[in-house]
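Architecture and fold: a report
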Amino acid sequence: MASTASALSWNSSTWLQNPLNNYNQPTKFSDDRMVFVVVAQKKARKLRKIILKEDVAELGKKGQLMDVKAGYYRNYLQPMGMAQIVTPLLLKEMKIEEERIEAEKKRVKEEAQQLALVFETVGAFKVKRKGGKGKQIFGTVTAQDLVDIIKAQLQRDVDKRIVSLPEIREIGEYIAELKLHPEVTAQVRLNVFAN
């Protein structure tokens, strides 16, 4: 037993001293024993490619593709229904959904551009107010007044929150802006006169 231990320690120490030893080849000793070299590697990080089903604080927004640790996905995201493993079918569905959303955005923008063209070709909207001294009028012309006039003349419903008016306290011509879309703004002329 003692001779085997000493032979093993002597053989392993001589093997370690030989830098030309090939790691892929087993080393054969005189007493028909073979030694294989095991090279230690870093532990592989196990990541999962997922898509988020909802917004997750500190991680990402709904529909975002990302890599997360397998344990985080398995123990938290999956049981809570917040994420799903990415599959080729899921990627295809995501692409189709993105294309549909882009087409819808494009359609809405085109409608807003057509509506802006209608507002700009109409001309000036006439607003009557009770007159005061000189050019003064009683009260002001508000966004709701403009919305009511547009509805009466063009039969179009417009939200008063998209209307931006300068402060109108005198008779004259003014320009109001209607923000129909984040990228489309229509300018409308207003003629305010006293009756």
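Summary of the structure given here. Note that this is a predicted model, so its numbers are computed, not measured.

Quick notes on the rules
The residue numbers shown here count from 1 along each chain, following its written sequence. In view of the model being predicted, local features appear only for residues whose pLDDT reaches at least 70, and side-chain atom pairs are presented and counted only at 80 or more, with totals across whole chains, interfaces and linings using the full set of residues. Heavy atoms from the whole structure form the basis of all side-chain values; hydrogens and water molecules are not counted. Here, any two strands with at least 2 DSSP bridges between them count as paired. In this text, helices come from DSSP runs of H or I with a minimum length of four residues, and strands from runs of E with a minimum of two, each type numbered from the N-terminal end. Two residues form a contact once any of their heavy atoms are found within 4.5 Å. Between N-to-C directions, angles cover 0 to 180 degrees, with each direction set by a line fitted to C-alpha atoms, over the stretch in contact for helices. Centres within 6.5 Å make a pair out of two Phe, Tyr or Trp rings, where for Trp the six-membered ring is used; the pair is then stacked when the planes are under 30 degrees apart, edge-to-face when over 60, and tilted otherwise. Two limits define a charge over a ring: the Lys NZ or Arg CZ must be within 6 Å of the ring centre, and within 35 degrees of the ring normal. The working definition used for a salt bridge is a side-chain nitrogen of Lys or Arg within 4 Å of a carboxyl oxygen of Asp or Glu. Whether a residue is buried, partly exposed or exposed follows from its accessible area with a 1.4 Å probe, protein chains only, as a fraction of its type maximum: under 20%, in between, or over 50%, in that order.

**A word on the sheet that holds strand β6 (residues 124–129)**
To summarise the sheet geometry, strands pair through backbone hydrogen bonds and adopt either a parallel or an antiparallel arrangement. Strand order in this open sheet of 4 strands is β6-β9-β8-β7, and the pairing throughout is mixed. In the strand order of this sheet, the two ends are held by β6 and β7 (163–164), each with one partner. Examined bridge by bridge, β6 and strand β9 (residues 184–194) share 6 bridges and lie parallel to one another. Within the sheet, the bridge partner assigned to V127 lies in β9 and is V192. Across the sheet, helix α4 (residues 143–154) lies against β6, β7, β8 (172–181) and β9, angled at about 120° from β6, the strand it touches most.

**Side note on the packing of aromatic side chains**
Aromatic rings in a pair are described by how distant their centres are and how their planes are angled relative to each other. Taken as a whole and judged by the stated rule, the model has 1 aromatic pair. A cation sits over an aromatic face here: K130 above F138, 5.6 Å from the ring centre.

**Some words on the pattern of salt bridges**
This model, assessed by the stated rule, comprises 10 salt bridges. A salt bridge links K109 to E183, with the shortest nitrogen-to-oxygen separation between them at 2.5 Å. Remark: E183 occurs in the loop between β8 and β9 and K109 occurs in helix α3 (residues 88–122); sequence separation between them is 74 residues. The salt bridge involving R169 is made with E167; its shortest N-O contact spans 2.6 Å. Under the relative-accessibility criterion, R169 is labelled partly exposed at 44%. Owing to a relative accessible area of 60%, E167 belongs among the exposed residues under this scheme. In this structure, a network of salt bridges that share partners links the residues E104, R107 and E111.

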